[in-house]
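# What the coordinates show
Here is how the chains run, residue by residue.
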Amino acid sequence: MLRIAVPNKGSLSAPATDMLREAGYRQRRDTRELVLTDADNGVEFFFLRPRDVAVYVGAGTVDVGITGRDLLLDSGADAVEHLGLGFAGSTFRFAAPAGTVTDVAQIAGRRVASSYTTLVASHLAAQGVEPAAIVHLDGAVESSVQLGVADVIADVVETGTTLRAAGLEVFGEPILRSEAVLIRRAGNAVPDGLEILTRRLQGVLTAREYVLMDYDVPIELVDAAVAVTPGFESPTVSPLHNGQSAAVRSMVRRSETNRVMDALYDVGARGIIVTSIHACRL
Ligand SMILES: Nc1ncnc2c1ncn2[C@@H]1O[C@H](COP(=O)(O)OP(=O)(O)OP(=O)(O)O)[C@@H](O)[C@H]1O
Ligand SMILES: O=P(O)(O)OC[C@H]1O[C@H](OP(=O)(O)OP(=O)(O)O)[C@H](O)[C@@H]1O
Ligand SMILES: [Mg+2]
């Protein structure tokens, strides 16, 4: 059985569970359940603290896990990214009170607070910057400057609301762009069952990212219309009974739906219908 670690709390937990459910796996109903066997699909889920997921995967006691790229890198575990999962996006950034520190080099000799101290230490070392101290805090890192334990923070930024409320401003380039990732142990060994899990998750990603577009177009305009909707390989083109038009079906990026419909209409397509994809395997 493939052993899969899933975050039991925090920002990653609910979207990870939703994605696994969409991929056809049983998921827990009660958040106090810590282990769940899905015998029909040959997998076992372990609900663990998000920070611990990479530790278990690196130790090889579970085969794969879902965590954040930032948490993976901070863990120092012997685990690698296998597949980006497209949710829990964030940046990891330095911030300080407006106007006090504007460049990463100025962190030299200053105190930096973070919940991701390994990540911060290796980033600063790579830049050749020596801080006075790296202070480890569990959370609410934004308050550390006002409370006098640090001069600068390094933290997860999603909307920036927490930073603004604390009177802090980001500076320097983002240390990292993070998202939820499926991880596996470093090395070439691919655990049994990982290929199926990967294909299922990729199916969910595709179903979320694409829509199906159907339309009718006069036969002489098929080439022009197909140029607007090339699809993955090639669109399906079927003759209509009137002998003068064709029905075309193609996959289109969800974010481009309206732009593509406008372009198709201009080309001469009509009866343009967009449908969500429930599931797919490419
Ligand atoms: N607004 C956000 N706040 C925190 N983490 C976020 C946010 N958006 C995305 N993430 C990502 O979620 C992961 C952190 O999840 P984790 O469960 O440790 O933190 P949390 O949601 O802050 O939980 P906690 O309540 O324990 O602080 C990281 O990969 C982080 O990049
Ligand atoms: O940019 P924003 O949208 O404001 O989100 C980022 C904030 O959210 C998280 O804090 P969380 O609520 O998890 O509290 P914590 O610091 O106690 O972990 C994170 O640590 C930042 O503080
Ligand atoms: Mg947090």
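Residues numbered from 1 in each chain as written. Chains lettered and ligands numbered in written order. Predicted model: local features only at pLDDT ≥ 70, side-chain atom pairs only at ≥ 80, totals over all residues.

- Going by what an unreviewed UniProt entry lists, the chain is known as ATP phosphoribosyltransferase and is assigned to Isoptericola jiangsuensis.
- The annotation that UniProt attaches to the chain under Sequence similarities (unreviewed entry) is "Belongs to the ATP phosphoribosyltransferase family. Long subfamily."
- Quoted verbatim from the Subcellular location (unreviewed entry) field of UniProt, the annotation for the chain is "Cytoplasm". (UniProt positions renumbered as here; feature names shortened; annotations may be inferred.)

## Regarding the overall build of the chain
- Scanning the chain for helices and strands turns up eight helices and 15 strands.
- Relative to the compact-globule value of 19 Å for 282 residues, the chain shows a C-alpha radius of gyration of 24 Å, a clear excess of over 25%.
- Considered along the principal axes of its C-alpha atoms, the chain spans approximately 80 × 50 × 35 Å.
- Looking at the chain as a whole, 34% of its 282 residues qualify as buried.
- For the chain, contacts bridging at least 24 residues in sequence account for 67% of all contacts bridging at least 6. (Helix = DSSP H or I, 4+ residues; strand = E, 2+ residues; numbered from the N terminus. Rg over C-alpha atoms; globule rule 2.2 N^0.38 Å. Buried ≥ 20, exposed ≤ 12 C-beta atoms within 10 Å, placed from the backbone. Contact = placed C-beta atoms within 7 Å.)

## As for the site of ligand 2
- In the region of ligand 2, the neighbouring residues are G139, A140, V141, E142, D155, V156, V157, E158, T159, G160, T161 and T162.
- Going through the elements one at a time, β9 (152–157) and α5 (161–165) are the ones with two or more residues in the shell around ligand 2.
- Broken down by element, the shell around ligand 2 gets its largest block of residues, three residues, from β9. (Near = placed C-beta within 6 Å.)

## So, the nonpolar core
- With 55 residues, the main nonpolar core has A54, V57 and I153 as its most contacted residues.
- Among the elements that line this core, the one with the most residues is helix α2 (residues 50–59), at five residues.
- Two domains each donate at least three residues to this core, and these are domain 1 (2–87 + 179–192) and domain 2 (90–177).
- Contacts of V57, omitting those with residues within four sequence positions, involve A5, V62, V64, G65, A77, A79, I183, R184 and R185.
- Counting residues in hydrophobic clusters, the runner-up holds 13 residues, among them Y215, V248, V252 and V260. (Core = buried A, V, L, I, M, F, W, Y, C linked by C-beta atoms within 7 Å. Domains from an automatic or database assignment.)

## Considerations on the site of ligand 1
- As a matter of local geometry, ligand 1 sits amid 16 residues, with G10, S11, G68, S90 and E158 nearest to it.
- Of all elements in the fold, only α2 and α3 (69–75) reach the threshold of two or more residues within the shell around ligand 1.
- The residue inventory of the shell around ligand 1, partitioned by class, reads six nonpolar, six polar and four charged.
- In terms of domain composition, the shell around ligand 1 takes at least three residues from each of domain 1 (2–87 + 179–192) and domain 2 (90–177). (Nonpolar A, V, L, I, M, F, W, Y, C, P; charged D, E, K, R; others polar.)

## Digging into the sheet that holds strand β13 (residues 236–239)
- Here we have four strands laid out as an open sheet, ordered β13-β14-β12-β15, and antiparallel in their pairing. Lying at the two open borders of the sheet, with one neighbouring strand each, are β13 and β15 (270–276). Direction aside, the axes of adjacent strands within the sheet are offset by 20 degrees on average.
- As judged from the five bridges shared by strand β12 (residues 210–218) and β15, these two strands associate in the antiparallel manner. From the neighbouring strand, D214 faces β15, where its bridge partner is I273. (Pairing = 2+ DSSP bridges. Axes fitted to C-alpha atoms, helices over the stretch in contact; angles between N-to-C directions.)

## What to know about the UniProt feature "domain: Histidine biosynthesis HisG C-terminal" (unreviewed entry) in the chain
- UniProt records the feature "domain: Histidine biosynthesis HisG C-terminal" (unreviewed entry) for residues 207–278 in the present numbering.
- The span residues 207–278 carries 29% helix and 40% strand; its end-to-end C-alpha distance comes to 6 Å.

## A few points about the domain arrangement of the chain
- When the domains of the chain are assigned, the result is domain 1 (2–87 + 179–192), domain 2 (90–177) and domain 3 (210–276).
- Each of domain 2 and domain 3 has a C-alpha centre, and these two points are 49 Å apart.

## Some points on the sheet that holds strand β3 (residues 43–48)
- Spatially, the six strands line up as an open sheet ordered β2-β3-β1-β4-β11-β5, and their pairing is mixed. The open sheet terminates on both sides in strands that have one partner only, identified here as β2 (35–38) and β5 (79–84). Put simply, the sheet's adjacent strands are angled 30 degrees from each other on average, direction ignored.
- Bridging between strand β1 (residues 2–7) and β3 involves six bridges; their strand directions are parallel. Among the inter-strand pairings, I4 is bridged to a residue of β3, identified as F45.
- Packed onto the sheet, α2 meets β1, β3, β4 (64–68), β5 and β11 (180–185) and runs at close to 145 degrees relative to β4.

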